Amino acid sequence: MAEGAGAGPRLAELLAVGRRLWEEVETGAEPSSGAPAVQDKVRQGLDALQRAAAMVAQLDLFSENEELEEIASADLKYLLLPALLGALTLKQVDLSRRLEHLESARAHFWRFLKLCRSYGLGSFHLPPASPPGEEDAGSPSPGGPNAAQPSLVAMASSRQAKIERYKQKKELENRLASMRTSVESGQADEDQIREFYILQIQKWINTSLEEIESIDQEMVILRSRGTAKQSSAPPHGTSRQVRAPLKPFILTRDAAQAKVFGAGYPGLPTMTVDDWYEQRRRQGVVSGQSAHQRTPVITDEELQKQQQEKKEEEDDEEALQKARNWDDWKDTHPRGYGNRQNVG
C-alpha cells in the first residue's frame, strides 16, 4: 500500500481544492445556489475530486482486506473523497437531471459508508445499496399493503437514531474545531493528526447517513410525480373524437305523429325514434340494436304529458258537441224565447 508521501503532492492538492470549493459553496453568501458563480464552483470542485478519486483508485490506497492500523495517518483524509463527491453532486441545480444527481450522490455516500464499515470506523447500520422499492418495483411486498407502512417502533427507533447522530455531530464538531489550528499549522504530532482525520471521517459518516435518508425520500416523491404524469398523459397517437353538436328536432313515436308535429312546427324537423337511432348508429354513437329491440322507458313527465294530451282531446270533443247542440236549439227557438221579464 502506498504511504502518504507516495501519493504525491498532486493528489493532496486536488483534495484540498475540492474540499475548499465545497466549503465555499456550503457556507457562501450567495442568495441562491443556482447562481452562475456558485455552479462554477460546484463544477470545478467535482472535477478536482473526481480526478483525485481516479488517482486513489490507480494507487490502490485502500483495500477491504486490510485493517485501519495499516493505513498511514496522512492517507486517512483520502477516505473522505466519496463523501465530498456526494455532497457536491447534491449542489447541482439542474431540475431536469435531479433524479440522476440524486442517484449519483447516493452511490458516492454509500461507497464511503461501505469503506468505513470495512475498516470498522463507527458503529452504524449500512443502508441498502439501492433505494428502497427500486429493485422490486411493481412487485407486491410479501407482507401485503401494510408491510410497506413504517411501524411505530421503527419510527421511534429512527427518531432516536437521528437524535443520537445530532449529538455526536455537535460533539465531533467541537473537538475538530479545537484541534484544527494545531493540525493545519503543522504543530500536531502523528497521533493528533490521525485522531483529527478519524474524527472527520466519523462526522461525515453521520452526514452521509442523513443525506441518504433524505435522498431516498426525495426520490420517492420524484418517481411518484413521474408516474402521475405518465398516467395522466393520453396515449401517443390517440385523440378524442369531436362530435358535431346536435341540431334541435322533435322526437316522435311513429311516422304518423311526426306528420302531426311537423305540420304544427314547420321550423323544426321531426324524426321518429327509429330514424333517430338509425342516424346515431351510422355516426357510431350507439350500437346497431333497433328501437324495437329496446324496452321503452317512459318517465313520469312523459306519462303526465300523455295524460294531458288525452284530456285535451276529450275536452275538445265535449266542447264541439255543446256547440252543435246550441246551434240546433237556435234553429228551433226564435230569438227572445223564454224572456219573461217584460211580460204584462
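What you see is a predicted model, and the numbers here were worked out from it, not measured in a lab.

## A look at the packing of aromatic side chains
Step number 1: Under the criterion given, the structure shown has 2 aromatic pairs.
Step number 2: Cation over ring: Arg 117 sits above Phe 124, and NZ or CZ is 5.8 Å from the ring centre.

## Brief notes about the packing of helix α2 (residues 36–59) against helix α3 (residues 81–89)
Step number 1: Running from N to C, α2 and α3 point in directions that differ by 155 degrees, and their axes come no closer than 10 Å. Classified by the interaxial angle, the pair formed by α2 and α3 is roughly antiparallel. Once α2 is placed against α3, the crossing between them reads as left-handed. Between α2, through Val 42, Gly 45, Leu 46, Leu 49, Gln 50, Ala 52, Ala 53 and Val 56, and α3, the contact on the second element is made entirely by Leu 81, Leu 84, Leu 85, Leu 88 and Thr 89.

## Quick notes on the environment of Lys 91
Step number 1: Turning to its location among the elements, Lys 91 is positioned in the loop between α3 and α4 (98–118).
Step number 2: Residues Lys 91 and Val 38, spaced 53 residues apart in sequence, show a C-alpha to C-alpha distance of 9.0 Å.
Step number 3: Residue contacts for Lys 91: discarding those within four places in its chain leaves Val 25, Glu 26, Gln 39 and Val 42.

## Examining the pattern of salt bridges
Step number 1: Counted by the stated rule, this structure contains 14 salt bridges.
Step number 2: Between Glu 23 and Arg 19 there is a salt bridge, and its shortest N-O distance comes to 3.8 Å. With Glu 23 and Arg 19 both in helix α1 (residues 4–26) and 4 residues apart, the pair spans about one turn of that helix.
Step number 3: Residue classification places Glu 23 among the partly exposed positions, given a relative accessible area of 34%.
Step number 4: Using a relative accessible area of 18% as the deciding quantity, one classes Arg 19 as buried.
Step number 5: Asp 40 is the salt-bridge partner of Arg 43, the closest N and O atoms lying 2.4 Å from each other. Residue Arg 43 and its partner Asp 40 are located together in helix α2, separated by 3 residues, close to a single helical turn.
Step number 6: Salt bridges sharing common partners tie together Arg 20, Glu 24 and Lys 41.

## Some words on unusual backbone geometry
Step number 1: Although it is not a glycine, Asp 60 adopts a positive phi angle of roughly 55 degrees.
Step number 2: Relative to the assigned elements, Asp 60 resides in the loop between α2 and α3.

So, how was this worked out
- Residues numbered from 1 in each chain as written.
- Predicted model: local features only at pLDDT ≥ 70, side-chain atom pairs only at ≥ 80, totals over all residues.
- Heavy atoms only, no water.
- Phe/Tyr/Trp six-rings, centres within 6.5 Å; stacked < 30°, edge-to-face > 60°.
- Lys NZ or Arg CZ within 6 Å of the ring centre and 35° of its normal.
- Axes fitted to C-alpha atoms, helices over the stretch in contact; angles between N-to-C directions.
- Helix = DSSP H or I, 4+ residues; strand = E, 2+ residues; numbered from the N terminus.
- Parallel < 35°, antiparallel > 145°, perpendicular 65-115°, else oblique.
- Left-handed = near helix turned anticlockwise from the far one by under 90°.
- Contact = heavy atoms within 4.5 Å.
- Salt bridge = Lys/Arg side-chain N within 4 Å of Asp/Glu carboxyl O.
- Buried < 20%, exposed > 50% of the residue type's maximum accessible area, 1.4 Å probe, protein only.

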